Each structure stands twice: as structure tokens, then as C-alpha cells.
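An overview of the molecular structure
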Amino acid sequence: MSALLDSMAQAFCGSDARREVLDSVLRDGLPGARSESWKYTSLRQLERRSFAAAPLTPALLDAAVLEDIPAPRLVFVNGRLNDALSDVQGLPAGVQLETLSSALAAGEDAVRFLGRRYERSDEVFARLNAALADEGVVLRVDDGVQVEVPLQLVFASVAGDTDLAWHHRHLIELRAGASLGVVEHRFSVGDSAHLDNTVLHAHVARDAVLKHARVQAGNARQTSFLRTDAVLAKDAQYHRVDLELGAALSRHELNVRLEGDNAQLTANGVLLGTGRRHVDTRLGIDHIARDTSAELQWRGVAANRSRVVFHGGIQIRAGADGTDANLSNKNLLLSADAEIDTQPTLVIDADEVKAAHGATVGQLDANALFYLRSRGLPQAQAQALLSAAFCHEPLKVLPEALREQLARRLDKALAEAGVA
């Protein structure tokens, strides 16, 4: 048993059903290089580490770090809700918002999503989450309710004497005709080395629209595992942008099932590798119904001795005629010591579909650099300008105000990394 799993087992306090899940993880252990889905992401360093369970009381956080994050917002610090920094007064009627711990304490039927089982051995962190999750966000929007102002979800990691681990389980459920915007902020304060293991379920009902942005900006010692499982009904829309800007090791698995006719998905992202960071993103897009569409635009940048891993999987099932699916993954390799691994896959079992996928790995365009230099820009400034433009492309799907908010975070990360 690895030190990581041993520390998780020692922190366990749950039901017999959860104990059974945890025992199965302990038997299987962490996946290695023979696991196809972990082929490019080694857990060897992580398995030698141990983590304590996050205390029930949230750590202190200076309110000044939240000055650019407006209400309505929920703030979690080291895995625990901070009521003093949270403010959800601006949410309209028809929005039901509570923490997972409150729902569990009430014994509500509303936490049935916790019963989701993960059977594959390579789903190790989802299975750990199923065994250990005790906090999160449960958010439901009633039929036809239009939430005009985005809800901000803040997850801050604060340094302390002990490396901590928390396991969040979230549910975002939009009922028929509802619309909602959600922005996730994940960042570190101080030199923390905590582990964040999160599973998010998104259920988007008929004619509902979910706009979702996530900024992951942990420090160079942070570990982040996130899995998103989304289901789209007839005529539902899910638009999201992910910015992977930090952490020593981050992995995001985005799984979307387009189960209703005319369901639409837009999922874009930027993967920024700097220092010795390892950034891993896996898409699993499953077209099940007719006339569904998916537009996927991802940009990767690897500098210094970082490694960026991207797997873009699209499956079009039998009967999913009329599907329109497009995946683009373009990458910039800015250092001879950096590495980018990209693997687009496309499986088509239906007729009358439009589908395309492509991936490139290269350097900045020499002609564009020459043009900017000929206009008097220094080499470093020309490179920074082109790199920023390359990374901003996936943000164009967002509303203007949200696009500007994320662009500022992206530009700050690029500047700190010396990329822009």
C-alpha cells in the first residue's frame, strides 16, 4: 500500500458502503504506466506522500485576496466553507444552494448522486472521492429560472504545518429552461502542498443553458485532481472554458454525455506548463442522440521543464446521426526541455455525421515574429504578444464581462511564467 492511500485509509470515517469502496481502492492501488489512461502521468512521486484530513474549521484567509471576485459567492478554505467570506444574497428565488455537509446532516434524498459507482481501477481518484467526500456544493435551479449574475465558487488553499487532502463532491442541476453561469476559482495562498480531489456532476435539462468557467491556479507544490461528469438533455447547452495555470500536478477529466437530440457542447481550454509542472487533461465526449454538436478548442503551452498531456476522445454512437463534432488541439513548445503529448481520438459508429479532429505541436510562427520585429518590437515582446494571442483564442466563447475577467487571470499567469 502506498503512503498516499495509507493516509487516506487512516482518515476514513464513513458508512459500510463507503468502506467497501475504499477497500477496493486499497486492493487495486494506484495505476501505473501500464494503464492507458495514466500512460503519460506518473504517480510515483505522489504515492510516497501522505496527507491528513482537512480539519472541520476553515483556515484563515485575508479577505483582500477576494476583492476581484464579486458576490454571489461561496468561499471554501482548505476544503471547508468560510461563512464570513461567503455572500449569496444576490441569488434569485428558484435557486436552491447548500453545502454537501448540510445535505448529508439532514439525511436528504437530494444526495442520491453520491451513489454513483466507479468500477474501473484507473478511476482511482473518483473512487477515493466516492469513499471520502464529505463536503461540496449542491446547486439546483428550478424550471425556467434565469440567473443573470454568475455564481462564484472559490476554493482557496492556505499553507499550514501539515499537508492536507480534501475530497469535494459537487452537483449542479439545471431544470427545464433554466440558465446559470458558474465561475470556479482555485488558487493557493502561501507555499501549501495540499491535495484537492474533486468530482463535479452537471445535469442540464431540456432547453437549459449552463455557462461554466474554471481557473486552476495552484502553486508549484499543489496537487489537483478534478473530474467533471455532465449529462445534456434535449436542446440543452453547456458552454465551458478551463484555464489550467498552476499546480505541481493537475489532472482534469471532462466527460460529457449528449443524451438528448440537439444538445450542444462547447468546451475550450488553455493548458499552461511552466517550471516543472505536469498538466494533464482528458476529454471523453459521448454523442448518443441525434443532431448533437460539440466544439472543442484547446491550446497548450509548455516551457522550462514542464509537461503538458492532452487526450481528446470523441465517440459518436450508432443512431447519433446528424452529429457535428470538431476538436482542435494546438500547442506551443517553448523549451527544448519541455514536453507535450497530445492524443486526439475519434470513434464513429453512425452515418451522416460531420466530425474532425486535429492536433499540432510547434513553435511560434517565424513569419509572424519577423513581421513584429520588422515593426520595431524587441524579440521578447514579440514572442510575448504572439503567445498571449495564441492563448486567448479559446476565451472567445464567453460573454464579454466573463471573458475579460478570465483574460486578466490568464495574462497574469503568462507574465509570471515569462511567457508574455
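Residues numbered from 1 in each chain as written. Predicted model: local features only at pLDDT ≥ 70, side-chain atom pairs only at ≥ 80, totals over all residues. Heavy atoms only, no water.

Some points on the overall build of the protein chain
Scanning the protein chain from terminus to terminus reveals seven helices and 20 strands. A compact globule built from 420 residues would reach a C-alpha radius of gyration of about 22 Å, and the protein chain, at 21 Å, matches this within 12%. With the C-alpha coordinates of the protein chain rotated into their principal frame, the extents come out at 65 × 50 × 45 Å. A sequence separation of at least 24 residues applies to 83% of the contacts in the protein chain between residues at least 6 apart. (Helix = DSSP H or I, 4+ residues; strand = E, 2+ residues; numbered from the N terminus. Rg over C-alpha atoms; globule rule 2.2 N^0.38 Å. Contact = heavy atoms within 4.5 Å.)

Some details on the environment of G322
One can find G322 in the loop between strand 17 (307-316) and strand 18 (324-333). Along the primary structure G322 and E173 are separated by 149 residues, whereas in three dimensions their C-alpha atoms are 27 Å apart. Apart from the residues lying within four places of it in its own chain, the contact partners of G322 are D291, T292, D351, E352 and V353.

Considerations on the environment of A320
Assignment of secondary structure puts A320 in the loop between strand 17 and strand 18. Expressed as a C-alpha distance, the spacing of A320 and G79, which sit 241 residues apart in the sequence, is 40 Å.

Examining the packing of aromatic side chains
Applying the stated rule across the entire model yields five aromatic pairs. Pairing F125 with F225 gives two aromatic rings, centres 3.8 Å apart and planes at 15 degrees, and the pair type is stacked. Note that F125 is positioned in helix 4 (residues 124-132) and F225 in strand 11 (residues 223-232), a separation of 100 residues in sequence. Across the pair, exposure class does not vary: F125 and F225 are buried alike. Note on W298 and F310: the rings are 5.7 Å apart at their centroids and 40 degrees apart in plane angle, and the pair reads as tilted. Of the two residues, W298 sits in strand 16 (residues 293-302) while F310 sits in strand 17, which places them 12 residues apart along the sequence. (Phe/Tyr/Trp six-rings, centres within 6.5 Å; stacked < 30°, edge-to-face > 60°. Buried < 20%, exposed > 50% of the residue type's maximum accessible area, 1.4 Å probe, protein only.)

Quick word on helix 1 (residues 3-10)
Residues three or four positions apart in an α-helix share a direction because the helix packs 3.6 residues into each turn. The complete set of buried residues in helix 1 reads L4, L5, S7, M8 and A9. The inward-facing, buried residues of helix 1 abut helix 2 (16-28), helix 4, strand 7 (164-174) and strand 9 (195-204).

Notes on the pairing of strand 11
Most of strand 11 is tucked away, with nine of its 10 residues classed as buried. In terms of strand pairing, strand 9 meets strand 11 through 10 bridges, oriented parallel. If you follow L200 over to strand 11, its bridge partner there is T228. As defined by bridge partners, strand 11 adjoins strand 13 (residues 249-258) across 10 bridges and the pair is classed as parallel. Looking at the pairing, L226 lines up with H252 of strand 13. (Pairing = 2+ DSSP bridges.)

Quick notes on the nonpolar core
Counting 51 residues, the largest nonpolar core has L180, L210, L232, L265, I285 and L296 as its most contacted members. Residue contacts for I285: discarding those within four places in its chain leaves L254, V256, L258, L265, A294, L296, G313, I314 and Q315. (Core = buried A, V, L, I, M, F, W, Y, C linked by side-chain atoms within 4.5 Å.)

Considerations on helix 4
Counting buried positions along helix 4 gives nine out of nine residues, so the element sits mostly inside the fold. Turning to helix 4, its buried residues number three or more, namely V124, F125, A126, R127, L128, N129, A130, A131 and L132. In this structure, the buried residues of helix 4 make contact with helix 1, helix 2, strand 7, strand 9 and strand 11.

What about the side chain of T99?
Mapped onto the fold, T99 is located in strand 4 (residues 95-99). There is a polar contact of 3.1 Å between the side chain of T99 and the side chain of S101. For T99, the contacting residues outside a window of four places in its chain are F76, L81, E135, G136 and V138. (Polar contact = N/O pair within 3.5 Å; in protein donor to acceptor, adjacent residues only side chain to side chain.)

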